[in-house]
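# Commentary on secondary and tertiary structure
Each chain, written out:
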Amino acid sequence: MSGHLIATVAGVAVPVDEVDEWEARLRSGPRAAALPASGTSEGRQLRRWLTQLIVTERLVTAEAAARGLTVADAPTEADLLPDVTARLEIGSVAAAVLADPRARALFADVTAGVEVTDDDVAGYHVRNPLRFAALCPGAHGWRAPAVVPPPLGQVRHAITEHLLGAARRRAFRVWLDAHRAALVRLAPGYEHPGDPRQPDNTHRH
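Just so we're clear, the structure is a prediction, and the values are computed from it rather than from any experiment. (Residues numbered from 1 in each chain as written. Predicted model: local features only at pLDDT ≥ 70, side-chain atom pairs only at ≥ 80, totals over all residues. Heavy atoms only, no water.)

### Quick look at the sheet that holds strand β2 (residues 12–15)
What the 3 strands build is an open sheet, ordered β2-β1-β5; its pairing is antiparallel. Single-partner strands in this sheet number two, and they are β2 and β5 (184–186). With strand direction ignored, the average angle separating the axes of adjacent strands in the sheet is 20 degrees. Here strand β1 (residues 5–9) runs beside β5; their pairing, made up of 3 bridges, is antiparallel. Bridge pairing links V9 to V184 in β5. Helix α1 (residues 16–27) contacts β1 and β2 of the sheet and is inclined by roughly 40 degrees relative to β2. Its contacts with the sheet put helix α2 (residues 41–66) on β1, β2 and β5, and the angle it makes with β1 is roughly 25 degrees. (Pairing = 2+ DSSP bridges. Helix = DSSP H or I, 4+ residues; strand = E, 2+ residues; numbered from the N terminus. Axes fitted to C-alpha atoms, helices over the stretch in contact; angles between N-to-C directions. Contact = heavy atoms within 4.5 Å.)

Next up, the structure:
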């Protein structure tokens, strides 16, 4: 992974110093012991992941500025990524970038037109009748899972918010992937960690 550039973003060079600085911060931080050793296959994969994070942050910052967005337009991180499942849905790089309120403002803007239909909500309730059922009082103060599905009207809002959140995360991920494909050029040695053409990709069939 020699060289002075890790990538270009919309034609603007990203120097290797940036990934070096990110890696140095991680290796001097509280979770340093969990990181792979430098120079190993896993260590190079860490640098590739950091490269993805750096170029994505650049894209998001530039796009938010181009749209005139400010941090005042940003929802909270918990609104967009309420649990581990949501973070897995959107991917580790996008989840990390959404710690920045400018990225969350962009997320809100990109996904503002996403909707779910009444049929989507009704269909979900049929397939998952107890998903949003309230717990029932049990013995000795414990609460037990419901056994009778609540009517759709009682859980419609919860289902709608659940489906809308997932649809927005999907829409943002698709937008982000397309934006990266159009504007990012990665230097040799800094390919996407999952790129099957790079030698450190360990996913094999």
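### Regarding the packing of α2 against helix α8 (residues 152–183)
Following both chains from N to C, one finds α2 and α8 inclined at 100 degrees, their axes separated by 11 Å at the closest point. Compared by their axis directions, α2 and α8 come out roughly perpendicular. In contact with Q52, T56, L59, V60 and E63 of α2, α8 contributes W175, L176, H179, R180 and L183. Here the contact of α2 with α8 is composed, by residue class, of 5 nonpolar, 3 polar and 2 charged. (Parallel < 35°, antiparallel > 145°, perpendicular 65-115°, else oblique. Nonpolar A, V, L, I, M, F, W, Y, C, P; charged D, E, K, R; others polar.)

### Quick look at empty space enclosed by the protein
Per the counting criterion, the structure on display carries 1 cavity of 30 Å³ or more. Computed from the structure, the largest cavity encloses a volume of approximately 30 Å³. If you go around the largest cavity, the residues you meet are E57, V60, T61, V97, D100 and A103. The dominant element in the lining of the largest cavity, judged by the number of residues it contributes, is α2, at 3 residues. The residue makeup of the lining of the largest cavity, split by class, is 3 nonpolar, 1 polar and 2 charged. (1 Å grid on protein atoms, 1.4 Å probe; cavity = no way out; pocket = protein on both sides within 12 Å on 5 of 7 lines; lining within 4 Å. Points joined across faces, edges and corners; volume = space filled by probe spheres on them.)

### So, α2
Under the 1.5 Å per step criterion, the end-to-end length of α2 is 38 Å for 26 residues, consistent within 8% with the ideal 38 Å. Looking one or two places after α2, you find G68, whose phi comes out positive at around 70 degrees. (Expected span 1.5 Å × (residues − 1).)

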